[in-house]
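Below are the chains, spelled out letter by letter.
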Amino acid sequence: MAAFLSAQYAVCLRKPGLIHFRRFAVISARYSSSRTSSSADYLHQSVVPSMHYQKSLPRLPIPKLEDTIRRYLAAQKPLLDGAQFATTEKIAQDFLNGVGKELHEELVVQDKNNKHTSYISRPWFDMYLSARDSVVLNSNPFMSFNPDPKEEYNEQLVRSANMVCSAVRFMKTLRAGLLEPEVFHLNPAKSDTDSFKNFIRWVPPSLSWYGAYMVNAYPLDMSQYFRLFNSTRIPKRGGDELFSDEKGRHLLVMRKGNMYVFDVVDKDGNMVKPAEIHSHLKYILSDSTQAASFPLGILTSENRDVWAGLREKLVATGNAEALGLVDSALFCLCLDEESMRDHIHISHNMLHGDGCNRWYDKSFSIIIAKDGQAAINFEHAWGDGVAVLRFQNEVFKDTTEKPLVHPGSAPATVDSASAVRRLQFHLDRELENGVQKAKENFDLAISKLTIDAMEFKKGGKEQLKKSKLSPDAVAQLSFQMAFLRQYGQTVATYESCSTAAFRHGRTETIRPASVHTKRCSHAFVHEPSKHSMEELRAMLNECSKYHSQLTKEAAMGQGFDRHLFALRYLAMSKDQALHSLYTDPAYAAINHNILSTSTLTSPAVSLGGFAPVVPDGFGVGYGVHDNWIGCNVSSYPARDVHEFLQCVHKSLEDIFSVLEGKPLS
């Protein structure tokens, strides 16, 4: 399952399961033992080691099968008519009492024999890595940075140099074990204190989680962090591989479709001087080389099997060394030639761009436009948003509070022409045709995508909390109302929820469409005059209460989606015929997520976004802020995103009107 290319540092995993913390410890030792490393190389120096809680994290629970079936049927109820629900209920009960019970018992035994990981880890890796569709639009999301509050620091060269320096500092802090562990503090006055940290550092790692739990603090899984750097998804026929090689000391920079590399870490493991990084980036930005005629980055947007075949051809034609430098680079920095017009332009550019100045397979890329607008686009197989968001928050904080390069800084007088290498690739006619075809496919795919945004300024988190309503529940309810108003239906809805509170947790699904939201939406949209203010308010309370329950269950690993997915994966791995639960049209329908939603609020992030997961769906990125609510939504031609956002706005107006005791118009 794990094949080491180098005993200490390189790992190439196909169908990964075990995360090798012993190897991570070796890397940490290498970085922390360097005598010449100074505190300037680190973001901070945590007294609690980064991975201190990892060994004692609780394991992701496998829900009871009867609970999973109960939750599954509750989620199906608003989507089906009476006859359809009766059929699905009968099928589900048969599964519970027969094949499902056997599969569940086998899954529990398998889980007990693999205590180093979670029951969902391998199936989830496989799901991503076996997918053959392009990662562009189908997988990779983006999160854009807020501008630097000091306007002069948003100049492209200055911001690029500072972000590279801060990213290297993050990497060194992580690998030295000095990055603050990721902890969710319910009572920060007790747990997020120097005294607690000085106490917990001495508690053995096998017990440390329990010490945090005693003060209402919940350490989160950090097993994905080691794949942030020097990592790439490699296309392979039938199923891709995740490759990491921490020996790489260089950065990959893309401009006009050309690729450059230069070292940002020296041979002793120290960060190259910021003035030198500044100089090298200035050299690249002033390079007069024409835009690449056959930009190889576009190949990473292809169907995975097609890209796998073309990559094999690239290796066969003498490009293995150059590809190796791309794969092992710390990360990818994309320097774009265009300035951003508005939020919609930012979303399109950071989600997909023109395809030529990206390497979508890198674990993450920092994209910086001509005007200094910046974002992260990340490959999703290796991990979820938790590690990327922590990285983004730390980089934003460091670049804005402690920048190492300034608008008046002079680049170092070094020979950047020797330090920077522009990668050359040898392409035959077949490869050139492959690049051209990939560009045609890419252009066709992105031409179908529409993105629009909406800001509701009449209220937000503060007012909702005063009204004792869950802000997330209200946002989700507004999407249900909007879809009903626009299309007259209640449809399958997906909200992602992290299960990082558990060892090797990934995500669980919250199912926001419920009998409560359906009833409430119908009342608000179709018959507001038939209900009193008290009745409408009571419906809002019921929706909020139920959504909060679903959210808590999902965060505790008590949803139904991952459990049913793992049971299906187990049956398929045994070449076992699938039970009718999985061939029931209702199962296909609930997994055809027309409303795919994800929420994010952070001081570092301006907006985030992703494409719909189905052709007739919406991709809904949203954030509930103190006094406003924002949505960044994508769609394909089957749906009208502009009208949908108008309907969301109307829904929020109606909800806040009821909270204020105003009659609905």
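Just so it is clear, the structure is predicted and the values come from calculations on it, not from any experiment.

J.: An account of the overall build of the protein is needed here, citing residue identities and associated values.
T.: The helix and strand inventory of the protein stands at 23 helices and 20 strands. A compact globule built from 665 residues would reach a C-alpha radius of gyration of about 26 Å, and the protein, at 25 Å, matches this within 12%. Projecting the C-alpha coordinates of the protein onto the three principal axes gives extents of approximately 75 × 60 × 55 Å. Across the 665 residues in the protein, those meeting the buried criterion constitute 59%. Residue pairs at least 24 apart in sequence account for 78% of intrachain contacts in the protein once pairs closer than 6 positions are excluded. Charge-centre separation for the protein: the mean point of 75 positive side chains lies 4 Å from the mean point of 74 negative side chains.

J.: Explain helix H19 (residues 533–555) to me, using residue names and the numbers behind them.
T.: For H19, which comprises 23 residues, the first-to-last C-alpha distance of 33 Å matches the rise-based estimate of 33 Å (1.5 Å per residue) to within 8%. The inward-facing, buried residues of H19 contact helix H2 (65–76), helix H17 (471–487), strand S15 (493–498), strand S16 (507–510), helix H18 (515–526) and helix H23 (641–659). At the C-terminal side of H19, Gly557 shows a positive phi close to 75°.

J.: Any details on unusual backbone geometry? Residues and values, ideally.
T.: Glycine aside, residues mostly have negative phi, and peptide bonds are mostly found in the trans state. Not every positive phi belongs to a glycine, and Leu137 is a case in point at roughly 75°. Judged by its relative accessible area of 6%, Leu137 is buried. Although it is not a glycine, Asn230 sits at a positive phi angle of roughly 55°.

J.: Run through the UniProt feature "domain: Choline/carnitine acyltransferase" (unreviewed entry) in the protein, naming residues and quoting values.
T.: In the numbering adopted here, UniProt assigns the feature "domain: Choline/carnitine acyltransferase" (unreviewed entry) to residues 60–649. With 45% helix and 15% strand, the stretch residues 60–649 has end C-alpha atoms that lie 38 Å from each other.

J.: Please set out the packing of H17 against H23 residue by residue, giving values where relevant.
T.: In the contact formed by H17 and H23, the axes pass within 8 Å of each other and the chain directions differ by 125°. By the angle between their axes, H17 is oblique relative to H23. As for the relative orientation of H17 and H23, their crossing is right-handed in sense. In contact with Val474, Leu477, Ser478, Phe479, Met481, Ala482, Phe483, Arg485 and Gln486 of H17, H23 contributes Glu643, Phe644, Cys647, Val648, Lys650, Ser651, Leu652, Asp654 and Ile655. Of the residues belonging to the contact of H17 with H23, the class tally is eleven nonpolar, three polar and four charged.

J.: Would you mind going over the pattern of salt bridges in detail, with residue names and values included?
T.: Summed over the entire model, instances satisfying the criterion amount to 37 salt bridges. Of the charged contacts in the structure, one is a salt bridge between Arg237 and Glu312, with a shortest N-O distance of 2.9 Å. Of the two residues, Arg237 sits in the loop between strand S6 (231–234) and strand S7 (241–245) while Glu312 sits in helix H11 (residues 304–328), which places them 75 residues apart along the sequence. The exposure class of Glu312 is partly exposed, given its relative accessible area of 44%. Across the pair Lys458 and Glu653 runs a salt bridge whose closest N-O atoms are separated by 2.8 Å. Placement of Lys458 in the loop between strand S14 (450–456) and helix H16 (461–466) and of Glu653 in helix H23 is noted, with a sequence separation of 195 residues between them.

J.: Account for the environment of Lys247, naming residues and giving values.
T.: Among the secondary structure elements, Lys247 is positioned in the loop between S7 and strand S8 (250–255). Owing to a relative accessible area of 45%, Lys247 belongs among the partly exposed residues under this scheme. On a C-alpha basis, the gap between Lys247 and Ala329 in space is 9.2 Å, while along the polypeptide they are 82 residues apart.

J.: Talk me through the sheet that holds S8; I want residue IDs and the actual numbers.
T.: Taken together, the eight strands give an open sheet; going across it, the order is S13-S9-S8-S10-S11-S12-S3-S18, and neighbouring strands pair in mixed fashion. The open sheet has two free edges, formed respectively by strand S13 (421–422) and strand S18 (605–609), since each of these has just one partner strand. Seen against the sheet, helix H6 (residues 156–175) touches strand S3 (142–145), S8, strand S10 (332–335), strand S11 (364–368) and strand S12 (374–378) and runs at an angle of roughly 155° to S11. Contacts from helix H10 (residues 274–285) reach S8, strand S9 (258–263) and S10 within the one sheet, and its direction differs from that of S9 by about 165°.

J.: Please provide a residue-by-residue account of empty space enclosed by the protein, values included.
T.: Scanning all chains against the criterion turns up eleven cavities of 30 Å³ or more. As for the largest cavity, its lining consists of 15 residues, of which Arg71, Arg511, Leu550, Glu553 and Phe560 are closest to the centre. Among the elements that take part in the lining of the largest cavity, H19 stands out by supplying four residues, more than any other. Split into classes, the residues belonging to the lining of the largest cavity amount to eight nonpolar, four polar and three charged.

J.: Pulling in residues and values, what's your account of the sheet that holds S16?
T.: Ordered by their spatial adjacency, six strands build an open sheet running S14-S20-S19-S17-S15-S16, and the pairing between neighbours is mixed. This sheet does not close on itself; its edge strands, each paired only once, are S14 and S16. When strand polarity is set aside, the average angle formed by the axes of neighbouring strands in this sheet is 25°. Note: strand S17 (residues 595–599) against strand S19 (residues 618–624), five bridges, orientation parallel. Paired with Ser598 across the bridge in S19 is Gly621. Of the strands in this sheet, S15, S17, S19 and strand S20 (629–635) touch H17, which is tilted by about 145° from S19.

J.: Explain the environment of Leu281 to me, using residue names and the numbers behind them.
T.: On the secondary structure map, Leu281 appears in helix H10. Sequence separation between Leu281 and Pro637 is 356 residues, and the spatial gap between their C-alpha atoms is 40 Å. Contacts of Leu281, omitting those with residues within four sequence positions, involve Leu157, Ser160, Ala161, Val164, Val253, Phe262, Leu333 and Leu335.

J.: I'd like a description of the nonpolar core, backed by residues and values.
T.: Core analysis: the biggest nonpolar cluster contains 88 residues, and Leu228, Leu281, Phe331, Leu333 and Phe391 have the highest contact counts within it. Here the element with the most residues in this core is H6; it accounts for ten residues. For Phe331, the contacting residues outside a window of four places in its chain are Val164, Ala167, Phe229, Leu251, Leu252, Lys362, Phe364 and Ile366.

J.: Let's hear about the packing of helix H5 (residues 121–130) against helix H20 (residues 561–573): which residues, and what values?
T.: Two elements in contact, H5 and H20, have axes separated by 10 Å at closest approach and are oriented at 80°. Taken together, H5 and H20 sit at an angle that is classed as roughly perpendicular. Contacts from Arg122, Pro123, Trp124, Asp126 and Met127 of H5 reach H20 at Arg562, Phe565 and Tyr569.

Criteria and thresholds
Along every chain, residues carry numbers that run from 1 in the direction the sequence is written. Side-chain atom pairs in this predicted model are given and counted only at pLDDT of 80 or more, local residue features only at pLDDT of at least 70, and totals for whole chains, interfaces and linings cover all residues. Each side-chain value is worked out from all heavy atoms of the structure, with water and hydrogens disregarded. Each helix is a run of DSSP H or I of at least 4 residues and each strand a run of E of at least 2, with the numbering of both proceeding from the N terminus. Throughout, the radius of gyration refers to the C-alpha atoms, and the reference size of a globule is 2.2 Å times the residue count to the power 0.38. Relative accessibility decides the category of a residue: with a 1.4 Å probe and only protein chains considered, values under 20% of the type maximum give buried, values over 50% give exposed, and everything between is partly exposed. Any two residues whose heavy atoms approach within 4.5 Å at even a single point are treated as in contact. A residue counts as positive if it is Lys or Arg and as negative if it is Asp or Glu; His and the chain ends are not included. Taken as the charge location is NZ of Lys, CZ of Arg, CG of Asp or CD of Glu. By this rule the span expected of a helix is its residue count minus one, scaled by 1.5 Å. UniProt positions are given in the numbering used here, feature names are shortened, and annotations may be inferred rather than shown by experiment. Axis geometry follows a simple rule: fit a line to the C-alpha atoms, using only the stretch in contact for helices, then measure angles between N-to-C directions, giving values from 0 to 180 degrees. In this scheme, roughly parallel covers angles under 35 degrees and roughly antiparallel covers those over 145, while 65 to 115 is roughly perpendicular and the rest are oblique. Crossings are classed by handedness, with left-handed meaning an anticlockwise turn of the near helix from the far one by less than a right angle and right-handed meaning a clockwise turn. Under this grouping Gly is polar, as are all residues other than the nonpolar Ala, Val, Leu, Ile, Met, Phe, Trp, Tyr, Cys and Pro and the charged Asp, Glu, Lys and Arg. Whenever a carboxyl oxygen of Asp or Glu lies within 4 Å of a side-chain nitrogen of Lys or Arg, that contact is scored as a salt bridge. Strands are treated as partners if at least two bridges between them are detected by DSSP. Using a grid of 1 Å spacing that covers the protein atoms alone, one calls a set of points a cavity when a 1.4 Å probe fits there but cannot get out, and a pocket when the set is open and has protein on both sides within 12 Å along at least five of seven lines; lining residues are those with an atom within 4 Å of a point. Grid points are joined across faces, edges and corners, and a volume is the space filled by probe spheres set on the points. Grouping buried Ala, Val, Leu, Ile, Met, Phe, Trp, Tyr and Cys residues that are joined through side-chain atoms within 4.5 Å yields what is termed a nonpolar core.

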